[in-house]
Amino acid sequence: MTQPTDLPSQPTPSASETPEPTTGSDEGGPPKAVGTLVDLLEVPWGVDFLPDGAAVVTERISGRVLQVAADGTLTRLGGISAAVPEGEAGLLGVAVSPDFDSDRTLFFYLTTGTDNRVVSAPLDGTTLGEPTVVLDGIPRGFIHDGGRIAFGPDGHLYVTTGETGDPALAQDPDSLAGKILRITADGEPAPGNPDAASPVWSLGHRNVQGLAWDDEGRLWASEFGDSDFDELNLIEKGANYGWPQVEGVGGGSEFVDPQLVWPVEEASPSGLAYADGHLWMAGLRGQRLWRIKVSGAGRASQPTAYFTEDYGRLRTVVTTPDGQLWLTTSNRDGRGEPTPADDRIIVVRP
């Protein structure tokens, strides 16, 4: 663990061309990397904040669950021994219960030897208790495992699943793969779902890796494309986002088109956060942080890239309780080029 330190000055940002026309100039000054909060982590994947301002962080490969305070103090809370790390799988997303002050519960998405599943576990002080299965039977894969979980403004848990390398599952309404799910804290289909008996909220996804809600309560999702286009989607109840029939913009009425797309070498988007009228999207293969303007009417535009190749692969970005961003690297995941300090959590002033 290291205390915050000064980082090198950042290059002048440049906007990326996308098929989505943009007008006007990028608003505000560039974000500033304040310092490295924590280093020497092993593929940090999920991050969510406790009511006291500290964060719970998962490590995909080790299965460790950590607490990181705002000053960088690192505490090991425990681990999820059932997690099986292989390929893109392992211990993935984490979400703090919206009723944490009373129920002291954390939720996790992990890959076991037989499936992907959501579990809950109590946190007693700084000790993580035994996990309880909330939802199991989600297809697992060496690739395209989804894994992001987050509680929405409605108090229900949203869960992203990948199609595990079997594209047909994304269009199968009876499969939990290639979907965004919406469930209660007990794992039941949430009230108001398109099918009252199903946890499926939207379908036709290849591998959603990021979720964020804007000021109007609209849900946005970042999604891995295949060989052509990565996507930023505005998620609508019951909508079909087209995979594998469509990658990127299809233009028809059967599927919902993404609001923005990127060549895969510029993005491979993972985490997604919202702050002050902008979405922030972390890029793995693209090794950059994207800032995207969101209008009051719900239109995304003016994607601008920052920190390109400065810190390697960027996995997760989250908005802190005090309005800053935490940005995690993913250079020890077998696809990056780690420095002696990796992996890290970097503090960014938006």
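As shown above, the structure is provided for reference.
The structure contained in this document is the topic of the report that follows. Since the model is a prediction, treat every value here as computed from it, not as a measurement.

**Some details on the overall build of the chain**
Point 1. Within the chain one finds one helix and 26 strands.
Point 2. For 350 residues, the compact-globule estimate of 2.2 N^0.38 gives 20 Å, and the chain sits close to it at 19 Å.
Point 3. On the principal axes, the C-alpha backbone points of the chain span a range of 50 × 50 × 35 Å.
Point 4. Within the span of the chain, comprising 350 residues, buried residues form 58% of the whole.
Point 5. Restricting the contact set of the chain to residue pairs at least 6 apart, pairs at least 24 apart contribute 54%.
Point 6. Accessible surface, the chain: about 13,600 Å² in total, of which carbon and sulfur atoms supply 47%.
Point 7. A distance of 4 Å separates the average location of the 24 positive side-chain charges in the chain from that of its 51 negative side-chain charges.

**Structural notes on the pairing of strand β14 (residues 179–183)**
Point 1. Counted residue by residue, β14 has five buried out of five residues, so it is predominantly covered.
Point 2. Residues Lys179, Leu181 and Ile183 point to one face of β14 and Ile180 and Arg182 to the other, with burial holding for every one of them.
Point 3. Of the strand pairs in this sheet, strand β13 (residues 157–160) and β14 are connected by four bridges, and their pairing is antiparallel. Bridge pairing links leucine 157 to isoleucine 183 in β14.
Point 4. Alignment of β14 against strand β15 (residues 200–203), held across three bridges, turns out to be antiparallel. Along β15, the bridge assignment pairs lysine 179 with leucine 203.

Parameters and conventions
Residues numbered from 1 in each chain as written. Predicted model: local features only at pLDDT ≥ 70, side-chain atom pairs only at ≥ 80, totals over all residues. Heavy atoms only, no water. Helix = DSSP H or I, 4+ residues; strand = E, 2+ residues; numbered from the N terminus. Rg over C-alpha atoms; globule rule 2.2 N^0.38 Å. Buried < 20%, exposed > 50% of the residue type's maximum accessible area, 1.4 Å probe, protein only. Contact = heavy atoms within 4.5 Å. Areas by Shrake-Rupley, 256 points an atom, 1.4 Å probe, with all protein chains shown as cover. Lys, Arg positive; Asp, Glu negative; His and termini not counted. Charge placed at Lys NZ, Arg CZ, Asp CG, Glu CD. Pairing = 2+ DSSP bridges.

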